Structures are given as C-alpha cells and as structure tokens.
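Fold and contact review
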Amino acid sequence: MKYKQIGKSGLITSNLTLGTMIFGEKSSRSTSEQEALKMIEYYLAEGGNHLDTADVYAEGRSETIVGKAIKGKRNEVVLSTKIRFPTSKNPNAVGLSRLHLIEGVHASLKRLHTDYIDLLYIHCWDPITPIEETLRTLEDLIRSGKIRYMGISNFKAWQMIKAQGVCTQLNMNTFIAGQYQYSLVKRDIEYEFFDLLESEGIGLLPWGPLGGGFLTGKYGKNGANSGRISTTPKDYEESWDRRNTTRNWDILNQVKKIAIKHKATPTQVAIAWILSKSVVSSVVLGTRTIQQLEDNLGANNILLSKDEIQALDHLSKLPELYPYRMIEAYGNRVL
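The text that follows walks through the structure, step by step, so that each part is easy to find. Treat the numbers as computed from the prediction; the structure is a model and nothing was measured.

Counting across every chain of the model gives eleven salt bridges. Lys-82 is the salt-bridge partner of Asp-52, the closest N and O atoms lying 2.6 Å from each other. Remark: Lys-82 occurs in strand E5 (residues 78-83) and Asp-52 occurs in strand E4 (residues 50-52); sequence separation between them is 30 residues. Judged by its relative accessible area of 2%, Asp-52 is buried. Using a relative accessible area of 1% as the deciding quantity, one classes Lys-82 as buried. The residue Asp-140 makes a salt bridge to Arg-98 at a minimum N-O spacing of 3.1 Å. Note that Asp-140 is positioned in helix H4 (residues 131-143) and Arg-98 in helix H3 (residues 98-112), a separation of 42 residues in sequence.

A contiguous nonpolar surface patch, about 390 Å² in accessible area, is contributed by Tyr-322, Met-326 and Tyr-330. Its place among the elements puts Tyr-330 in helix H12 (residues 324-330). On the basis of relative accessibility, which here comes to 48%, the residue Tyr-330 falls in the partly exposed class.

Our focus in this paragraph is the sheet that holds strand E7 (residues 147-153). As summarised here, the arrangement of the eight strands in space is E9-E8-E7-E6-E5-E4-E3-E10, forming an open sheet in which the pairing is parallel. The sheet is open, and its two borders are formed by strand E9 (203-204) and strand E10 (283-285), each paired with just one other strand. Against the sheet, helix H1 (residues 33-45) touches strand E3 (16-19) and E4, its axis set at about 170° to E3. Its contacts with the sheet put H3 on E5 and strand E6 (117-122), and the angle it makes with E5 is roughly 140°.

Right, let's get into the pairing of strand E8 (residues 175-179). Put simply, side chains in a regular strand alternate between the two faces of the sheet. Buried residues dominate E8, accounting for five of its five residues. Strand direction decides the pairing type here: E7 and E8, joined by four bridges, are parallel. The partner of Ser-153 across the bridge, within E8, is Gln-179. Traced from E7 through helix H5 (residues 157-169) to E8, the parallel crossover comes out right-handed. Where E8 and E9 come together, two bridges link them in parallel fashion. Looking at E9, one finds that Gly-178 is bridged to Leu-204. Taken together, E8, helix H6 (residues 193-200) and E9 constitute a β-α-β crossover, and its handedness is right-handed.

Along the polypeptide, Thr-31 turns up in the loop between E3 and H1. What makes Thr-31 buried here is its relative accessible area of 1%. Apart from the residues within four sequence positions on either side, Thr-31 is in contact with Ile-22, Phe-23, Gly-24, Ala-36, Met-39, Thr-287 and Arg-288.

The phi angle of most residues is negative, glycine excepted, and most peptide bonds adopt the trans form. The omega torsion across Tyr-322 and Pro-323 is 5°, close enough to zero to call that bond cis. Here the phi dihedral of Ala-58 falls at roughly 50°; this positive angle occurs in a residue that is not glycine. Along the chain, Ala-58 falls in the loop between E4 and helix H2 (61-69). Here His-113, not a glycine, exhibits a phi torsion of approximately 55°, which is positive. For His-113, a relative accessible area of 58% puts it in the exposed group.

Turning next to the environment of Gly-151. On the secondary structure map, Gly-151 appears in strand E7. The spatial distance from the C-alpha of Gly-151 to the C-alpha of Lys-110 is 21 Å, given a sequence separation of 41 residues. Ignoring sequence-local partners within four residues, the contact set of Gly-151 consists of Leu-119, Leu-120, Tyr-121, Ile-122, Phe-175 and Ala-177.

With 13 residues, H5 extends 18 Å between its outermost C-alpha atoms, agreeing within 8% with the 18 Å of an ideal straight helix rising 1.5 Å per residue. For H5, the complete set of buried residues consists of Ala-157, Gln-159, Met-160, Ala-163, Gln-164, Val-166 and Cys-167. Turning to H5, the residues buried within the fold contact H4, E7, E8 and H6. Phi turns positive, to about 60°, at Asn-171, one or two residues after H5.

Quick notes on the rules
- Throughout, a residue's number is its position along its own chain's written sequence, starting from 1.
- Two thresholds apply to this predicted model, a pLDDT of at least 70 for residue-level local features and 80 or more for giving and counting side-chain atom pairs, whereas whole-chain, interface and lining totals are computed over all residues.
- Water and hydrogen atoms were dropped before computing side-chain values, which therefore reflect all heavy atoms in the structure.
- Every case where a carboxyl oxygen of Asp or Glu lies within 4 Å of a side-chain nitrogen of Lys or Arg is listed as a salt bridge.
- Here a helix means four or more residues in a row that DSSP labels H or I, a strand means two or more in a row labelled E, and each is numbered from the N terminus.
- Buried means the residue's accessible area, taken with a 1.4 Å probe over protein chains only, is under 20% of the maximum for its type, while exposed means over 50%, and partly exposed covers the values in between.
- Put simply, a patch holds well-exposed residues, over 30% relative accessible area, that have no salt bridge, with like charges counted together within 9 Å and Val, Leu, Ile, Met, Phe, Trp or Tyr side chains within 5 Å.
- In short, Shrake-Rupley with a 1.4 Å probe defines the accessible areas, and a residue's cover is counted only from the protein chains shown.
- Here the rule is simple: two strands pair whenever DSSP picks up at least two bridges between them.
- Whether two residues are in contact is decided by their heavy atoms: any pair within 4.5 Å suffices.
- Each axis is a line fitted through C-alpha atoms, taken for helices only over the stretch in contact, and angles between the N-to-C directions span 0 to 180 degrees.
- Note on handedness: a clockwise path from strand one over the helix to strand two, with the strands aimed away from the viewer, defines a right-handed crossover.
- In this analysis, the expected span of each helix is defined as 1.5 Å times one less than the number of residues it contains.

Structure representation (structure tokens):
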C-alpha cells in the first residue's frame, strides 16, 4: 500500500480507500455483515487505513458494521462518513442545518462506536440552509473534538469555492477533501474541479473508479445480464444505458490491451490511471467481495508509462466546451 496526504492537510491516507456503501444492504448484490467484516480485516492487514461510509448507506447498517470492524483498532484507521440526505421521515432529519448536523453526527458516532470522526463530508448542497449556518456548525463540531476534518461531496464548483471562501473569510477550518465520481468513462469533473481542487489544496477521493463495473471488462456489447450494472435503473449514474457507448467500448479495448502488457486485469489498469492524477489523494473502492478487493488492491503493483496514460487520456477525452477550449488554447499564452 502507498500513502499520501489528503490535499494540503496533515492527514495521511492509504492511496486506496475501502468504500462500504453496499455493506449491510438488503439486496442480492450487497455484502453481508459477515463478509464485510472479513473484507475490512483483510484490507487493514494489507496496509489500508481509510474506511469510507455514510449515515444513509444501508439505512445506517454500514456505519454499524464499520464500528464493529474497528473495535480495538480505532487509532489505526482514518474514518470517513457523510451527512445530508434523509435519515427518517422527520422533516428536520435532512439537510445541512445546525439541528440535523449535530443530531446526525451524534447518531453516526453511536453507530460507529467512536468518540470522533476523522473526516466528515457534507454529502450534497442544501439549497435551504444558509451556508454560514452549516459552516459554523462544522467549526463547532471540530472545536468540540467530534470531527477532525471536513470534506465536500456532490457540490457544484461554485458551491464548493463559496463554502471554502466563507471558511477563509471567517477564519475557520477549511475543507481538505472532495469526493466525486471519476473514472475513464466519467471525467466530467475535469472541466472545473481539477483546477479548483489544486488551487484550494483539496484532495480528490473519487468514487466509481470502474464506472459501475463497466471497466472490469466482464460485460459484452450484447448487454449486461449480470453484475451491478444489470440491476441499476436507467436514470442512475452507473446505468447500462450510460455505459453502452462506442466511446466507452473503445476506452475499454485500450484498457484491456494495456492490461495484457502488464499481466494485470482491466480493473487494475483503470484504477492505476486514476492514481496517476496528481490531484487524487486516494481512490474509493466499491468492492463487494474479498476477491474483488484483492484484485483492486493490485492496482498499486502497476506503473503505467507516459505513453499508456496519454493513450487512455486521448480516448477518454472530454468533448470540447466553451470556454474551456478557448482557455486551453489561449489561456496560457504570454504576450
């Protein structure tokens, strides 16, 4: 395992984070508690130190499983969780209000069997609560010792920079981490976020590094008859309709060619490509079994060449949009 600081903070994470979204879910494609505990034990034994969960994952059961897994080894783990989405039908059990943040953090601490959260993400923008209310509450939670660092997930770029700017103006702790979907088949955040994250000292911890399983190479053009994509609704980010494109198949073919050269799996190449991006602090793995986890961790054994990275960059390049095309062409010119 390799290690890296998150953004410009002093918090050190393994460059591969174990995501726990499906731990404890009530579905055939989930990970049972028994299997999840074994996976976490294996991950930690391999040198991983970062576990990522959220209060809404499996209706709180994911946090409960993580809490059981880290009993007796809390100080060895970087523990991340998130808050924002509804946790009950109570109209105040949602959002980023002072009330919900404080109650939500207390509930997470109880499920996780810990006194503090290393990294708390606000899970999505709240259009109702003033951002100042949210940020002052997070500052209070840091000062009380209940959380150590703050992260942002699913904010627009302007929302992120506004939140970061308010923190700076009010002389409060700033955000150190951003968690967003990012993979060879989903590079949208590069338009705005890469420059933003670098300039603000915020580390990227991408989720969905395999495009919902598409980049594993286990699917064929005849359709997805098994696996996560086969059960994902059409309007979801990782649905088959969003993955089954000519561009994506070309990307996957190149991934497979590189995998053969390195005697690796397509999964490992896809993750290694993300790890080559300097703004990335750690990749959040969404594995369901120990076998999948073992495969994913193998990405650390691959060093892609400059030519291989450029080939993947070229095939997965984003469509030209204004003003990004113009900035790229003229923005760095000196008179």
